[in-house]
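Spelled out from the first residue to the last, the chains are:
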There are 2 protein chains.
Amino acid sequence: MMMAGLRERKKEQTRRRIAEVALRLFDERGYDAVTVNEIAEAAGVAKVTLFTYFPTKECLVTDGVADDLAAIVAGRGEGRSPLAALREHYRSMATRGVGEADVEALQAKVRVIASTPALMGALHAVRMGERYDLAAALAEGGEDDLTAQLMAAQITAVITTLQEAFFRRVAAGEPLEEVGRRQSRDVELAFDLLEHGLSSREGERS
Amino acid sequence: MMMAGLRERKKEQTRRRIAEVALRLFDERGYDAVTVNEIAEAAGVAKVTLFTYFPTKECLVTDGVADDLAAIVAGRGEGRSPLAALREHYRSMATRGVGEADVEALQAKVRVIASTPALMGALHAVRMGERYDLAAALAEGGEDDLTAQLMAAQITAVITTLQEAFFRRVAAGEPLEEVGRRQSRDVELAFDLLEHGLSSREGERS
DNA sequence: CGTACCGAGTATATTTTTGAACCCGGTATG
DNA sequence: CATACCGGGTTCAAAAATATACTCGGTACG
């Protein structure tokens with residue numbers, strides 16, 4: 001039953017509370033207008049504690065936005081291709097959908113990031129890191145370096161696009177199950193394209 | 001503004017939560033049927049933590065029931081009699097009244113204590129301690145030992161009686177302001193009796 | 001009778017959180 | 001130009017909370 005122990009439960013709880021409070025304040029007053037002192041106070045923790053959970057102010061928003069693609073690839077089952085593992089992962093994500101409760105937080109996060117240049121930059125940096133790690137994982141799997149980097153670039157580009165489509169739908173207020181359905185379709189389309197290459201669509205255009 | 005600092009605020013909060021949870025569980029299921037482990041778990045703390053706040057299970061209920069009479073006497077203003085200081089204290093207590101929110105907790109506490117022999121005993125012990133300390137404070141103020149003990153005995157007996165009357169009224173569901181009014185009157189009557197002696201009432205009886 | 005368990009309470013080591021002082025870069029101000 | 005403040009971030013010691021394992025008295029049970 002994952003009886004996680006008091007210590008770990010409290011840590012998760014604290015971390016969560018800090019992030020939620022920060023997001024709410026950022027959304028209300030703007031990222032730059034809120035100091036970390038205020039966040040700590042509002043969350044009921046000391047500033048030092050805040051910084052043990054989130055090394056920088058930016059991390060309050062960007063932490064957890066990265067899907068660990070490298071881990072998914074590295075941890076795929078025997079005899080499974082990296083792409084198959086990733087497809088499976090995003091397929092199940094789409095199927096599971098988002099919880100009602102998370103939507104509001106998600107929208108707020110998108111708003112805050114989009115309205116804060118520093119966070120846009122940080123997000124970009126996160127994605128670069130994601131791509132770099134994915135390339136390493138692919139190289140580990142036997143691909144040569146340049147191939148690995150090209151594959152990683154394609155894959156992360158596609159996944160980022162999927163996420164953006166998702167965010168737009170959520171932001172537009174589409175009903176959640178509708179979002180889920182579309183997202184499921186998009187995932188298959190995206191991975192088909194990755195697998196079979198752009199030429200596979202060429203024919204349909206004529 | 002009593003900007004108490006995060007540490008102290010959290011301690012008070014934790015102590016309060018433990019006591020509240022304990023009282024609720026005791027009231028629901030009976031003192032003996034609830035283990036300290038359950039209380040700790042329900043309050044979200046470790047058993048050890050509970051015991052750093054409350055040295056025994058009984059203290060979960062009895063802590064804070066003692067008015068520190070000795071301190072009131074010791075801390076009275078210059079040239080003021082112990083009795084005057086005590087009267088003033090209880091007068092202002094009665095005037096201030098109880099908060100709406102506390103009533104429920106108070107009633108529960110009375111229920112739990114009354115229905116638990118061990119707690120009745122503990123309560124008695126607390127009162128003995130109170131009396132003992134009061135006697136010491138009076139002796140410190142210049143009274144000889146026996147006189148101090150006799151005075152302390154009278155005073156604590158009277159105050160206990162006042163409290164019991166108060167509890168009965170609250171338990172009976174009298175409106176709070178009514179309780180406050182009566183209590184104010186009772187306080188004056190009680191201290192008049194203490195000050196002027198029983199004979200002061202003899203005349204009225206004939 | 002023994003023994004095995006349960007709940008109150010204790011001892012000790014480790015982790016988490018706090019407090020307080022500080023550094024450093026930026027910006028306002030005299 | 002100097003100086004003083006402010007906000008992000010770090011350092012280190014001290015306090016609080018947790019995990020774990022224990023003692024001790026009582027009691028159910030074979």
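Here, the structure is the one placed above.
In this text the structure is predicted, and so the values were computed from the model without any measurement. (Residues numbered from 1 in each chain as written. Chains lettered and ligands numbered in written order. Predicted model: local features only at pLDDT ≥ 70, side-chain atom pairs only at ≥ 80, totals over all residues. Heavy atoms only, no water.)

### Comments concerning the protein's contact with DNA strand C
Our working rule: If a single non-hydrogen atom of a residue is within 4 Å of a molecule or strand, that residue counts as near it. Any pair of N or O atoms that falls within 3.5 Å is considered a polar contact. Within protein, one atom must be able to donate a hydrogen and the other to accept it, and sequence-neighbouring residues count only if both atoms are side-chain atoms. A helix here means a DSSP run of H or I that spans at least four residues, while a strand means a run of E at least two residues long, and both kinds are numbered starting from the N terminus.
In the vicinity of DNA strand C there are 21 residues, among which Lys11 and Thr49 of chain A together with Arg7, Lys10 and Lys57 of chain B approach most closely. Looking at DNA strand C alone, sugar and phosphate atoms form 67% of those within 4 Å of the protein. Tyr53 of chain A places a polar side-chain atom, nitrogen or oxygen, 3.0 Å from a phosphate oxygen of DNA strand C. A distance of 2.7 Å separates a phosphate oxygen of DNA strand C from a polar atom in the side chain of Lys10 of chain B. Elements with a contribution of two residues or more to the surface near DNA strand C: helix H1 (6-29) and helix H3 (47-53) of chain A together with helix H1 (6-29) and helix H3 (47-53) of chain B.

### As for the environment of Glu12 of chain A
Residue and element names in this part refer to chain A. This is how the line gets drawn: Burial here depends on accessible area, computed with a 1.4 Å probe over protein chains only, as a share of the maximum for the residue type. Under 20% is buried, over 50% is exposed, and the range in between is partly exposed.
With respect to the helices, strands and loops of the structure, Glu12 is situated in helix H1. Given the relative accessible area of 57%, Glu12 is considered exposed. Distance from Glu12 to Tyr53, taken between C-alpha atoms, is 9.9 Å for residues 41 residues apart in sequence.

### Quick look at the side chain of Thr14 of chain B
As a reminder, the rule being used: By definition in these notes, contact holds between two residues if any of their heavy atoms fall within 4.5 Å.
Secondary-structure assignment places Thr14 of chain B in helix H1. In this structure Thr14 of chain B touches Val45 and Tyr53 of chain B, once residues within four positions along its chain are discounted.

### Brief notes about empty space enclosed by the protein
All names here are of chain B. Definition in use: The way it works is a 1 Å grid over only the protein atoms, where trapped points that fit a 1.4 Å probe form a cavity and open points with protein on both sides within 12 Å along at least five of seven lines form a pocket, and then any residue with an atom within 4 Å of a point lines it. Grid points are joined across faces, edges and corners, and a volume is the space filled by probe spheres set on the points. When residue character is reported, Ala, Val, Leu, Ile, Met, Phe, Trp, Tyr, Cys and Pro are called nonpolar, Asp, Glu, Lys and Arg charged, and the others, Gly included, polar.
Applying the stated criterion across every chain yields a total of 1 cavity of 30 Å³ or more. By volume, the largest cavity is sized at about 50 Å³. Around the largest cavity, the lining residues are Arg127, Glu130, Thr156, Ile159, Thr160 and Gln163. Elements with a minimum of two residues in the lining of the largest cavity: helix H8 (117-140) and helix H9 (145-172). The greatest single-element share of the lining of the largest cavity, amounting to 4 residues, is contributed by H9. Class assignment for the residues of the lining of the largest cavity results in 1 nonpolar, 3 polar and 2 charged.

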